[in-house]
Structure formats: structure tokens, C-alpha cells
Amino acid sequence: MSLDLDFHLTRGGFSLQVQVTAPAGVTVIFGPSGSGKTTFLRAVAGLEQVDRGKIVIEGSDITERPAYRRAVGYLFQEPRLMPHLTVLGNLKFAQKMGRQVARQSFDEVIALLELGDLLNRTPFALSGGEAQRVALGRALLSAPKCLCLDEPLSALDQGLKHRILPYLERLRDRTEIPILYVTHDPAEMARLADHIVLMQAGRSVLSGPVEAILSDPAAVPYLGVRAAGTVISGQVMAPDPTTGLAVMGFDGGRLILPELSQSKGRHIRIRIPAQDIVLAREKPKGLSALNVFEGTITQLHAGQGPGVMVQFKTGKTLFLARVTQYSAQNMGLALGQTIFAIVKATAFDPAGIGT
Amino acid sequence: MSWFAVSPVELDALRLSLWVALVAVALSLPLAVAVAYVLARCRFWGHGLLNALVHLPLVLPPVVTGYLLLVVFGRKGTLGPALDALGLQLAFTSAGAALAAAVMAFPLIVRAIRLALEAVDPRLEEAAGTLGASPFKVFAFVTLPLILPGLIAGAVVGFAKALGEFGATITFVSNIPGETQTLASAIYAVLQVPGQEAAVGRMIALSLILSFGALMLSEILARKMVRR
């Protein structure tokens, strides 16, 4: 199942040009505010008319259909629950209005989002996080062929965000419909994305699988240096015998992680920001950092700023490190060179570790 | 005759007043919802004109409204022959009294519903659309329930206005006991004759009870809504 988008629209002085294929899974649309992310989603849902082009879901062209006949579920920044209905009423409303039976049954959605205890409450009696979960459940029950999530966590505080993210991860892992997810939070993107579309001034400038985009030096100008970094997927292994710290195995080696709460055998993904990696030409000795990998430089990319982006390969995993131009010259970094990357075990944000 | 004994003429006037007010509200409500919706949601050329037209009976001397009704709906009026062909006569009939009351109450009903409509968050309607609700279903299952308190308030205010309508009614349908004599015009009639203080007092008491009852009812309904 996939979503093929190729359209253009103009609103006032703003023009949006999108050319993207979103496969099943989460496609994160990332870009600065004003880059057209929300308009992008609204156009897919039929809430904005496109001037020309095509929006195709599962092979059927829905460009000309009004919003209510598109079967595109939409989660807005605010929950938008019907105030005259209870939580149950809101969920049933979606079932009644949706033209087809949802892929997930009512009970499955209730269980997935843990809505059981909220059913008899009115929307006024819900916290922000609960209301957003109900809104997500409602969107799922309308039998969508595609889900649009427009910064669904932006109105929630940091603590609540981390309580909702696991629900979104579960949703991603259990549905086979394409999910478009707008955010400007790099941590959210790294946790949820299977694919990434980078937006800049109304254009989709770069898109691809999350691992490829986040470790691509060419993507750094659009991501910003803070968001650039590697996303590694791997499995939790037995704790390190000498230190007792948790270990994650990935294609290319193993990483020692602090405060890992996931149990052995679980599949997890972590993000290592490019600026948290230290590079060395020779194998370092007498170091406090626990993670040292050997790799080969695959790309060197000097940006406009004082930094140089170094992409290197360890096993099949591509890493991205950011060093100063001065260091790059001093070290004589060159393509094909063997280098050593040092990552502090405490560099990982425990909250940024996803499943 | 005791002070409390209501005469048959007075009873007729009371019954007619209630019938006229109910019919007037029932007939104008659907149209008022439509007009309020257009005024609240649509922007088009002539919007101001429609708005002025709806509110005209509110500012026009009622006798002028009554006269204009005669000009349009009278037997020799613009629509007279057409109504005749349908076997419908409005001038000097109770149906005409209902029409006059409806026209006078219409602006008040539209106003209340329009205010309620403008308070509805259009983002809720947009969300309902993304859930698969057609524009009609959005109106029936989202907009209408949300404006219900305003709708009821409008209906009650309209009912009270129709109950007390006098100027346009007496101009359009006269003051025929048993046919077009409402409570208001009956009070006017007895006031013309000296020595009818008891009858005036009784009918004024009836008017007070009806109007007060309508207000109480709207208050109770409004509270029920809020509690929900």
C-alpha cells in the first residue's frame, strides 16, 4: 500500500510543490515552520484544493474527491473532539461516518490506545494527552487508507510527549497504511520515521529511508546541524559482562548504552547526533568513552559554516560526524581513510530511544 | 360573575393566541435556520441586503409591516390570485394572523440562531469531514446539536414575540372575535369600552402567565443544555 503524490498549489504568495511516494509505515515530513508541511497534509486530506497534479492512494486517484470521500484520517494539532458527545460517542461517530469498516476493530483500537477507562468521559474531562489519544482512535475508526498526523504532540508538554510516543510507535508497527507525520522535532522524527521528506520553502527537496537521509551530508542544510545524525536499529543483547551496562548489537558492531530499560531481544532504534561523535585517526587508548568503532570515510562535506560533515561506514551502517574545518585539515581527513569514532555511552538521550 | 370566570370570548382569544404563536414559530424555524446559516457562513454579493431585509420587521412600524402584508398577500394583493387558486386566504383569517406573527418574530429567531452558528468552531466541522461525514451529515450531527441551545432560545423568544404581536396582526387580519382576535387584540378591544376593568385584568394576568412561563421554560432548557 502506498501513497503517490505529485501536485502543485498556490495560496496567496505561497506556492507548494510536492513530489513524494510514501510507502506503508511512517513518512515524516520535516522542515522549518512556513515550509509548507501543514499545507502539504491538508492537500492530501482534501482540505486544500491543488491547482494541478495527482494524489493517488492504493492506485486510485482521489485528487478530485472532496475531503469526506477520501478516506484520509487526519489528526490535527488540537484534538477537535465533538464537545456534545462523550469519548465513546466520538469514537462511534467516526465508525458511523466512515463509509467502510475499519481495518482495526473497535476493541483493537481501544486496546492499542488504552482508551477503555475514558469511554464515558466528556471531552472537557480529558487531559491534553488523553484527548489526543481519543482523536487518534477516532481517526483510526473512520477506516482511513492513509493517516495524516499534523504535529500531534506539539501542544503537549515534554513529559506527555514521551507518554504518547510509544502509542504512535505501536500504531506504526501494527498498521499497514501509509502515515504522513509532520514534525519539526528531530527526536520525534528519529523515533518514528521509516521515511523522511525534507521540505524547504514549499518544496519537497529530499526524500528517502530514515537511515539514508539522516546520515546523508547533503541533507544537513535542510535538517540543521542539530538534527543531523545517525539512526541505528538493532537488538538488545545481554548486558556487558565487565561494566553491567546494556548493550545493543547493530550491523557493524555493538553499542554500550546507559539506562536502557528495554529487555533482551527487543528491537530498538537510537539516534546519535552528528555533533556527539569524536573522530580519531589512530585507535585511541586510555579513554573513558566506551564506544569506539573503526570505519571508512565515505563522504566529506564542507558546509557554509565552520563545520565539516564526515560520513563513514562501519559494517553496513553509515554514521555522520561533525567536526570543525580546522580539525578536518589538521587530521588530514580524506575519502577512503580508516578512522575511529568515539561515542560516549551517556550521549544517548534515554527518552530518544525508540522501539 | 366572579372575577376569575374567564368568558368564552376571552378563552377563544387565549386559544387563538397560543395556536398563532405555535404555528408562527413552527413555520419560521426551518427557514430561520437556513437564513441564519447563509448569513453566518456565506459571503456573497447582497449579503448586507438580505440581512437588512430579514431585520426590517424589527425596525419598521408594525402597522407598515401589516399594510405590506396586505399588499402582498391580500385578496387583491400581488399573490392574492395565486393563493386563491390554492384555496388559501390569509387576509382576515387566523392563518393570516400566524403569518403576521411569523414575519414579526422571524428576525429575533434568525438572530439567536445566527449567534449560535457563529459560535460553532468550524474546525470541528472540518474534522467531521475528514472522518467521512458529508456536508449534510456534518450539519445534522455536528452543527445542529451544537446550536441547539441557540435554536431553543430563538424559538422561545420568537414564541413570546408572536404571542404579543399586535400592530401588524390587527392591520393584516383585523380583530374578529373567534377568528382573528388574539389576546393582544382582545385586550385592545375591551380597553375601548368603559367599565371592563375585570376583563382587562384577567387577560393581562393571562398574558403575564404565558410570557413568564415561556421565559421560565427557556431558562430550564438552557440549564439542561449546560449540564450536559
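What counts and how
- Residues numbered from 1 in each chain as written.
- Chains lettered and ligands numbered in written order.
- Predicted model: local features only at pLDDT ≥ 70, side-chain atom pairs only at ≥ 80, totals over all residues.
- Heavy atoms only, no water.
- Helix = DSSP H or I, 4+ residues; strand = E, 2+ residues; numbered from the N terminus.
- Buried < 20%, exposed > 50% of the residue type's maximum accessible area, 1.4 Å probe, protein only.
- Contact = heavy atoms within 4.5 Å.
- Areas by Shrake-Rupley, 256 points an atom, 1.4 Å probe, with all protein chains shown as cover.
- Lys, Arg positive; Asp, Glu negative; His and termini not counted.
- Charge placed at Lys NZ, Arg CZ, Asp CG, Glu CD.
- Buried area = accessible area lost by both parts, 1.4 Å probe.
- Salt bridge = Lys/Arg side-chain N within 4 Å of Asp/Glu carboxyl O.
- Polar contact = N/O pair within 3.5 Å; in protein donor to acceptor, adjacent residues only side chain to side chain.
- Expected span 1.5 Å × (residues − 1).
- Bend = angle between axes of the 7 residues up to and from the residue.
- Phe/Tyr/Trp six-rings, centres within 6.5 Å; stacked < 30°, edge-to-face > 60°.
- Lys NZ or Arg CZ within 6 Å of the ring centre and 35° of its normal.
- Axes fitted to C-alpha atoms, helices over the stretch in contact; angles between N-to-C directions.
- Parallel < 35°, antiparallel > 145°, perpendicular 65-115°, else oblique.
- Left-handed = near helix turned anticlockwise from the far one by under 90°.
- Nonpolar A, V, L, I, M, F, W, Y, C, P; charged D, E, K, R; others polar.
- Pairing = 2+ DSSP bridges.

**Q** Before we move on, could you go through the overall build of chain B and cite the residues and values that matter?
**A** The helix and strand tally for chain B stands at 10 helices and 0 strands. Secondary structure elements of chain B, listed N to C terminal, follow the sequence α-α-α-α-α-α-α-α-α-α. Seen through its principal axes, chain B has C-alpha atoms that stretch 70 × 45 × 30 Å. Expressed as a percentage of its 228 residues, the buried residues of chain B come to 43%. At a minimum sequence separation of 6, the contacts of chain B that also span at least 24 residues come to 72%. Looking at chain B as shown, the accessible area adds up to about 11,900 Å², and 73% of this sits on carbon and sulfur atoms. Each charge sign in chain B was given a centre, from 15 positive and 11 negative side chains, and these centres are 6 Å apart.

**Q** Provide a residue-level description of the interface of chain A and chain B, including the pertinent values.
**A** Taken together, the 22 residues of chain A in the interface contact 17 residues of chain B. Summing the contributions of chain A and of chain B, the shared interface buries around 1,800 Å²; its carbon and sulfur component is 68%. Looking only at chain A, the three residues that lose the most surface to chain B are Tyr68, His84 and Met97 of chain A, adding up to 36% of its buried area. There are 3 salt bridges connecting chain A and chain B. Ionic pairing is found between arginine 123 of chain B and glutamate 78 of chain A, a salt bridge with its closest N-O pair at 3.5 Å. Linking chain A with chain B are 4 residue pairs in polar contact (both at pLDDT 80 or more), by the criterion used here. Listed by contribution, the elements that provide at least two residues to the side of chain A that touches chain B are β6 (72–75), α2 (87–97) and α4 (128–141) of chain A.

**Q** So what about helix α5 (residues 158–174) of chain A? Which residues, and what values?
**A** Residue and element names in this part refer to chain A. For α5, spanning 17 residues, the distance from its first C-alpha to its last is 25 Å, which sits close to the expected 24 Å at 1.5 Å a residue. The sharpest bend along α5 reaches about 25 degrees and sits at isoleucine 164, with the proline proline 166 one to four residues further on. All of the buried residues in α5 are Leu160, Lys161, Ile164, Leu165, Tyr167, Leu168, Glu169, Leu171 and Arg172.

**Q** Outline the packing of aromatic side chains, supporting the account with residue identities and numerical values.
**A** By the definition in use, this model includes 8 aromatic pairs over all chains. Members of the aromatic cluster, each reached through a chain of ring pairs, are Phe250, Phe293, Phe312 and Phe319 of chain A. Directly above the ring of phenylalanine 141 of chain B sits lysine 96 of chain A, whose terminal nitrogen or CZ lies 4.8 Å from the centroid.

**Q** I'd like to hear about the side chain of histidine 47 of chain B, residue by residue, with values.
**A** Tracing the sequence through the fold places histidine 47 of chain B in helix α2 (residues 47–59). Among the polar contacts listed, one links the side chain of histidine 47 of chain B to the side chain of arginine 43 of chain B, at a separation of 2.8 Å.

**Q** Describe helix α1 (residues 8–41) of chain B, naming the residues involved and giving the relevant values.
**A** End to end, α1 of chain B covers 49 Å across 34 residues, agreeing with the expected 50 Å (1.5 Å per residue, within 8%). A maximum bend of about 35 degrees is found in α1 of chain B at leucine 29 of chain B, where proline proline 30 of chain B lies one to four positions downstream.

**Q** Quick one: what's the story with the packing of α1 of chain B against helix α7 (residues 135–164) of chain B, residue by residue and with numbers?
**A** Residue and element names in this part refer to chain B. Two elements in contact, α1 and α7, have axes separated by 9 Å at closest approach and are oriented at 140 degrees. Judged by the inter-axis angle, α1 sits oblique to α7. Crossing of α1 over α7 shows right-handed handedness. Contact with α1, carried on its side by Ser17, Leu18, Ala21, Leu22, Ala24, Val25, Leu29, Val33 and Tyr37, involves Phe139, Leu151, Ala155, Gly158, Phe159, Ala162 and Leu163 of α7 and no other residues of that element. By residue class, the composition of the contact of α1 with α7 is 14 nonpolar, 2 polar and no charged.

**Q** Residue-level account of the sheet that holds strand β13 (residues 253–257) of chain A, with values.
**A** Residues and elements named next belong to chain A. In spatial order, the strands read β13-β12-β11-β14; together these 4 strands make up an open sheet with antiparallel pairing. Of all the strands in the sheet, the pair left with one neighbour each is β13 and β14 (267–273). Averaged over all pairs of adjacent strands, the angle between strand axes in this sheet comes to 45 degrees, irrespective of strand direction. Where strand β11 (residues 229–237) meets strand β12 (residues 246–250), 3 bridges bridge the pair, whose relative direction is antiparallel. Following the sheet pairing, valine 236 is matched in β12 by methionine 248.

**Q** Now, about the pattern of salt bridges: what can you tell me, with residues and values included?
**A** Tallied over the entire structure, the rule returns 19 salt bridges over all chains. In this structure, the salt-bridge partner of arginine 75 of chain B is aspartate 84 of chain B, at a minimum N-O distance of 3.4 Å. Using a relative accessible area of 36% as the deciding quantity, one classes aspartate 84 of chain B as partly exposed. A salt bridge links arginine 114 of chain B to glutamate 118 of chain B, with the nearest nitrogen and oxygen atoms 3.1 Å apart. Residue arginine 114 of chain B and its partner glutamate 118 of chain B are both found in helix α5 (residues 94–119); the two are separated by 4 residues, about one turn of the helix. When its relative accessible area of 18% is taken as the criterion, arginine 114 of chain B is described as buried. One salt-bridge network, held together by shared partners, links Arg11, Arg42, Glu48, Glu78 and Arg80 of chain A together with Asp121, Arg123 and Glu126 of chain B.

**Q** Lay out the side chain of glutamate 169 of chain A in plain terms, naming residues and giving numbers.
**A** Residues and elements named next belong to chain A. Tracing the backbone shows glutamate 169 in helix α5. Judged by its relative accessible area of 3%, glutamate 169 falls in the buried class. Separated by 3.0 Å, the side chains of glutamate 169 and arginine 191 make a polar contact.

**Q** For the environment of serine 327 of chain A, give the residues involved together with the corresponding values.
**A** Residue and element names in this part refer to chain A. Looking at where serine 327 falls in the secondary structure, it is placed in helix α9 (residues 325–331). Relative accessible area serves as the criterion here: at 25%, serine 327 is assigned to the partly exposed category. Residues serine 327 and aspartate 157, 170 residues apart in the sequence, show an inter-C-alpha distance of 39 Å.

As far as function goes, none of this settles anything; it's purely spatial.
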